[in-house]
Amino acid sequence: MASKRDYYDILGASKDSSAAELKKAYRKMAAAHHPDKVAHMGEEYLKGAKEKFQQIQDAYEAIKKRRGIK
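Quick caveat: nothing in here was measured; it's all calculated off a predicted structure.

Thresholds applied
- Residues numbered from 1 in each chain as written.
- Predicted model: local features only at pLDDT ≥ 70, side-chain atom pairs only at ≥ 80, totals over all residues.
- Heavy atoms only, no water.
- Helix = DSSP H or I, 4+ residues; strand = E, 2+ residues; numbered from the N terminus.
- Contact = heavy atoms within 4.5 Å.
- Expected span 1.5 Å × (residues − 1).
- Buried < 20%, exposed > 50% of the residue type's maximum accessible area, 1.4 Å probe, protein only.
- Core = buried A, V, L, I, M, F, W, Y, C linked by side-chain atoms within 4.5 Å.
- Salt bridge = Lys/Arg side-chain N within 4 Å of Asp/Glu carboxyl O.
- Phe/Tyr/Trp six-rings, centres within 6.5 Å; stacked < 30°, edge-to-face > 60°.
- Axes fitted to C-alpha atoms, helices over the stretch in contact; angles between N-to-C directions.
- Parallel < 35°, antiparallel > 145°, perpendicular 65-115°, else oblique.
- Nonpolar A, V, L, I, M, F, W, Y, C, P; charged D, E, K, R; others polar.

A. Here's a closer look at the side chain of Lys-64. With respect to the secondary-structure elements, Lys-64 resides in helix α3 (residues 43-67). Beyond its immediate stretch of four places on either side in the chain, Lys-64 contacts Ile-69 and Lys-70.

What follows is the structure, encoded as structure tokens:
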């Protein structure tokens, strides 16, 4: 499990980011690393994109849970 600091790093956000800033950072990272964007590049790229996308989702969910954001 990643540390609190790592979650913010994964999203490219700072610890003092507002809820709106976190959501924007999450959406930006999710769009940039979405598996559908690399599906045409082959299985190896798709696997890496799926792992990164899952890390992004996990980081955002963990931060939301800690902060009580819905």
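B. Layout of α3. In this model α3 runs 36 Å from its N-terminal to its C-terminal C-alpha over 25 residues, within 8% of the 36 Å that 1.5 Å per residue would give. Residues of α3 that are buried: Leu-46, Ala-49, Phe-53, Ile-56, Ala-59, Tyr-60, Ala-62, Ile-63 and Lys-64. At the exit of α3 stands Gly-68, carrying a positive phi of roughly 75°.

C. Spotlight on the nonpolar core. In this structure, Leu-11, Leu-22, Tyr-26, Ile-56 and Ile-63 are the most contacted members of the largest nonpolar core, which totals 16 residues. Those elements that place two or more of their residues in this core are α1 (4-11), α2 (19-32) and α3. A total of six residues in this core trace back to one element, the largest contributor, which is α3.

D. Quick look at the pattern of salt bridges. One pass over the full model with this rule turns up one salt bridge. Here Glu-61 makes a salt bridge to Lys-64, at a shortest N to O gap of 3.4 Å. Remark: Lys-64 and Glu-61 occur in helix α3; sequence separation between them is three residues, near one turn of the helix. Accessibility expressed as a relative area gives 16% for Lys-64, which makes it buried.

E. Expanded view of the packing of aromatic side chains. For the structure on display, the rule yields one aromatic pair. Judged by centre distance (4.3 Å) and plane angle (10°), the ring pair of Tyr-26 and Tyr-60 falls under stacked. With Tyr-26 in helix α2 and Tyr-60 in helix α3, this residue pair connects regions lying 34 residues apart in the sequence. Of the two residues examined, Tyr-26 and Tyr-60, each falls in the buried class.

F. Just the packing of α2 against α3, in detail. At a closest axis distance of 10 Å, the pairing of α2 and α3 adopts a crossing angle of 170°. Of the possible angle classes, the one that applies to α2 and α3 is roughly antiparallel. Only Lys-52, Phe-53, Ile-56, Gln-57, Tyr-60, Ile-63 and Arg-67 of α3 make contact with α2, whose side of the interface consists of Ala-19, Leu-22, Lys-23, Tyr-26, Met-29 and Ala-30. Class assignment of the residues belonging to the contact of α2 with α3 gives a composition of nine nonpolar, one polar and three charged.

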